[in-house]
Amino acid sequence: MSEQGSEKDKMDNKDFEPTTRIVAIQHDADVLNDLGYKQELRRNLSIWSLVGVAVALMALPFAMTSTFLYGLSAGGPAAMLYNWIAVAIFILCITLSLAEICSVYPTAGSVYYWSAALSKPKHAPLVSYICGWLNFVGLLCGCAGINFSGAQLIMSVPELVNPEWVPKSWQVSLTVWALSVISVVINLPAKRVSYLSALNNAAGIWSTLSIGVIIIVILAMCGNKNTASYVFTSFDPTVSGWNPGWQWWLASLTPTYSLLVAGNASAMCEEVLDAERQVPKAMFWSVVGGAITGFGFLIACLFVMTDVDELLAVPSGQPAALFFYKATGSLAAACGLMTFVLVLWIFNTAGAFTCLSRYTYAFARDGGLPASRWLATIQPGLELPLNALIMQAVVSALLSLINIGSSAAFNALLGCATSCLVCSYSVPIVMSMLDRRRKLRNAKFSLGNFGYVVNTISVLWSVVLTVICSSPLYLPTTAAGMNYAAVCFVGAACLSGIYYIMHGYKHFKGPEELQRGA
């Protein structure tokens, strides 16, 4: 009895550092119990495994090459380069703000739980519901966008081999369906203690290896490199039809799509040992590492980038394969480099589906989604939310059908995903600021005196970014080239609003522990 009491006292000490796996698991289970939930998922991930999740979510060579179009449309090298620096700082502020909150409330519910916990009790259910749906829709559209860009990249390879061949919209959509099934299958062996950890570690290794190999190959094989003046100062203000100032900021989309998603690793909180300390660290270091390595990768690409107009006109909408071919002058080298990128897609979609399934499970267990009981089920034998994974694949496949009616589907998916995600990130940050950050005073990952400054930058950039994500790339725009991100955003808001009126208003009360404390 005395030994148990002593151990309990240690675990209650806010400065307690777990020294063994058994004690760490018990400590995390107690923390989760204090937040109102019982431990259902296995805690088999270390900080390095979680960094691997974040690296898999960023998948820099894949994310950057699949979104080159935005930087090229915004005026070229200088806009792409300096926007990377600026946006990396802004996203680091958002990540730091979320990491601090995560260290106080380490749960898979992440932003929706945090929003409720940081709000006044009478407002908590509505604030939590809105934030939860924003994040849910953002993650859904993000997963669909990952598979859509993967399908486009696959199509760009035969397009390179046979320039006469032009991929049909239905072929891209059908490929997305196949990739959605693969995304689920990759996650199925997650019960095995070593599987997710090994997958995440492999993601980090492959991403680093890919960046190094691509940089070395394109620089070594490119016979006519651009000058430093071109890379660091070239800006064409006439590409998009927008005024130069706004066109410049459109280049912020590439670093945003590459780095913003690292914050979603917080959805893995309930599978990480010593989550209240390790998850915030992993979120921070993954963004820092991604920003630095991505910047080096971008500089190398800009030194070998030629024929920008031809890259912008590629039929598949994905200039990566053609870019590699122009840089190396070799079809074999281009296909080889595309292999590195497409393998990264596997890690990217695996990480995205893993995080979304955990978030869906967490939001559904509090009744925030239709068919909540079904979505919150942990499948016996697999020990993972299989129903949530299946739902994600179905939605991803259905969203790909938009592409048959409009070629702007990819822009809409990524724009809607980003808008929803940054808005959901902003909600708990704003709630904390309105509460004068009182509930974060004992945070294990504290921003200290810089908290208000970092939080304010985070919220302001989120507002600006939401507007940027809704802007068409070119003026004058057409129905086919219009950015429908705002339409998707409003549509998702209407659907969630209808569900709230019909069900959530009476039945959704927010996280259970907060209900008991209200």
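Summary of the structure given here.

**What about the overall build of the protein?**
From N to C terminus, the protein includes 24 helices and zero strands. Rg of the C-alpha trace for the protein: 22 Å, near the compact-globule value of 24 Å for 518 residues, within the 12% margin. Across the 518 residues that make up the protein, the buried fraction comes to 59%. Counting only carbon and sulfur atoms, one obtains 67% of the accessible surface of the protein, whose full area is about 20300 Å². Put simply, the protein has 28 plus and 26 minus side-chain charges, and the middle of one group is 6 Å from the middle of the other.

**Concerning the packing of aromatic side chains**
Each aromatic ring pair is described using two quantities: the centre-to-centre distance and the angle formed by the ring planes. Tallied over the entire structure, the rule returns 20 aromatic pairs. Ring pairs connect the aromatic residues Y112, Y129, W133, F136, Y359, F363, Y499, Y500, Y505 and F508, which therefore count as one cluster. One Lys or Arg, R437, reaches over the ring of Y452 and ends 5.9 Å from the middle of that ring.

**Re helix α9 (residues 169–187)**
Between its first and last C-alpha, α9 extends 28 Å over 19 residues, near the 27 Å set by a 1.5 Å rise per residue. Of all the positions in α9, only Q171, V172, S173, T175, V176, L179, S180, S183, V184, I186 and N187 are classed as buried.

**Here we look at the side chain of T256**
The residue T256 is located in helix α13 (residues 253–259) in this model. Residue T256 is classed as buried on the basis of its relative accessible area, which comes to 0%. At 2.7 Å, the side chain of T256 forms a polar contact with the backbone oxygen of S252. Apart from residues lying up to four places away in sequence, T256 is in contact with V87, I91, T418, W461 and L465.

**So, the packing of helix α8 (residues 124–161) against helix α16 (residues 320–328)**
Their axes nearest at 8 Å, the elements α8 and α16 cross at an angle of 45°. When the axes of α8 and α16 are compared, the pair comes out oblique. Contact residues: L153, S156 and L160 in α8; A320, A321, L322 and Y325 in α16. Among the residues making up the contact of α8 with α16, the classes are represented as six nonpolar, one polar and no charged.

**Regarding the pattern of salt bridges**
One pass over the full model with this rule turns up six salt bridges. Between R365 and E270 there is a salt bridge, with the nearest N and O atoms lying 2.6 Å from each other. Of this pair, R365 sits in helix α17 (residues 331–365) while E270 sits in the loop between α13 and α14 (275–304), placing them 95 residues apart in sequence. One salt bridge connects E276 with K444, and the closest N-O pair in it is separated by 3.5 Å. Residue E276 is found in helix α14, and its partner K444 is found in the loop between α21 (409–434) and α22 (451–469); the two are separated by 168 residues along the sequence. Classification of E276 by relative accessible area gives buried; the value is 7%.

**Examining empty space enclosed by the protein**
Counting across every chain of the model gives six cavities of 30 Å³ or more. In this structure, the largest cavity occupies an estimated 340 Å³ of space. For the lining of the largest cavity, the secondary-structure elements that each account for two or more residues are α3 (47–58), α4 (60–65), α8, α13, α17 and α21. The greatest single-element share of the lining of the largest cavity, amounting to seven residues, is contributed by α8. Among the residues forming the lining of the largest cavity, the class breakdown is 15 nonpolar, ten polar and no charged.

**A short note on the environment of G317**
Relative to the assigned elements, G317 resides in the loop between α15 (308–312) and α16. For G317, a relative accessible area of 27% translates into the label partly exposed. Sequence spacing of G317 and S149 is 168 residues, and the spatial spacing of their C-alpha atoms is 9.2 Å.

**Some words on the nonpolar core**
Of all hydrophobic cores here, the largest spans 159 residues; its most connected members are I218 and F324. In terms of residues, this core owes the most to one element, α8, which gives 18 residues. Those residues within four positions of F324 in sequence are excluded, and the remaining contacts are T65, I214, I218, G329, A334, L337, M338 and V341.

**Considering unusual backbone geometry**
Even without being glycine, D274 reaches a positive phi, approximately 55°. Take D274: its relative accessible area is 6%, and that puts it in the buried class. One non-glycine residue, A371, adopts positive backbone phi at about 55°. Looking at the secondary structure, you find A371 in the loop between α17 and α18 (372–375).

**Some details on the environment of M283**
Mapped onto the fold, M283 is located in helix α14. With near-sequence residues (within four places) excluded, M283 lies in contact with T95, L98, A99, C102, G263 and S266.

**Some details on a nonpolar patch on the surface**
Taken together, W170, L174, W177, W374, I390, V394, L398 and L401 make up a surface patch of nonpolar side chains, about 810 Å² in accessible area. Sorting the residues of the nonpolar patch by element identifies α9 and α19 (386–399) as the ones contributing at least two each. Within the fold, I390 resides in helix α19.

**Let's talk about α22**
In this model α22 runs 27 Å from its N-terminal to its C-terminal C-alpha over 19 residues, within 8% of the 27 Å that 1.5 Å per residue would give. Taken together, the buried positions of α22 are G451, V454, N455, S458, V459, W461, S462, L465, T466, I468 and C469.

**What to know about the environment of S372**
Here S372 shows up in helix α18. Since its relative accessible area comes to 11%, S372 is described here as buried. Counting along the chain gives twelve residues from S372 to T360, while the straight-line C-alpha distance between them is 8.9 Å. What S372 contacts, discounting residues up to four positions off in sequence, is A364 and G367.

**Details of the packing of helix α7 (residues 110–118) against α8**
Viewed as axis vectors pointing N to C, α7 and α8 meet at an angle of 160°, and their least axial separation amounts to 8 Å. Classified by the interaxial angle, the pair formed by α7 and α8 is roughly antiparallel. The crossing of α7 and α8 is right-handed. Facing α7, whose interface residues are S110, V111, Y112, S115 and A116, α8 presents A124, V127, S128, C131, G132 and N135. Residue composition of the contact of α7 with α8, by class: six nonpolar, five polar and no charged.

Definitions and cut-offs
- Residues numbered from 1 in each chain as written.
- Predicted model: local features only at pLDDT ≥ 70, side-chain atom pairs only at ≥ 80, totals over all residues.
- Heavy atoms only, no water.
- Helix = DSSP H or I, 4+ residues; strand = E, 2+ residues; numbered from the N terminus.
- Rg over C-alpha atoms; globule rule 2.2 N^0.38 Å.
- Buried < 20%, exposed > 50% of the residue type's maximum accessible area, 1.4 Å probe, protein only.
- Areas by Shrake-Rupley, 256 points an atom, 1.4 Å probe, with all protein chains shown as cover.
- Lys, Arg positive; Asp, Glu negative; His and termini not counted.
- Charge placed at Lys NZ, Arg CZ, Asp CG, Glu CD.
- Phe/Tyr/Trp six-rings, centres within 6.5 Å; stacked < 30°, edge-to-face > 60°.
- Lys NZ or Arg CZ within 6 Å of the ring centre and 35° of its normal.
- Expected span 1.5 Å × (residues − 1).
- Polar contact = N/O pair within 3.5 Å; in protein donor to acceptor, adjacent residues only side chain to side chain.
- Contact = heavy atoms within 4.5 Å.
- Axes fitted to C-alpha atoms, helices over the stretch in contact; angles between N-to-C directions.
- Parallel < 35°, antiparallel > 145°, perpendicular 65-115°, else oblique.
- Nonpolar A, V, L, I, M, F, W, Y, C, P; charged D, E, K, R; others polar.
- Salt bridge = Lys/Arg side-chain N within 4 Å of Asp/Glu carboxyl O.
- 1 Å grid on protein atoms, 1.4 Å probe; cavity = no way out; pocket = protein on both sides within 12 Å on 5 of 7 lines; lining within 4 Å.
- Points joined across faces, edges and corners; volume = space filled by probe spheres on them.
- Core = buried A, V, L, I, M, F, W, Y, C linked by side-chain atoms within 4.5 Å.
- Patch = residues over 30% accessible without salt bridge, like charges linked within 9 Å, V, L, I, M, F, W, Y side chains within 5 Å.
- Left-handed = near helix turned anticlockwise from the far one by under 90°.

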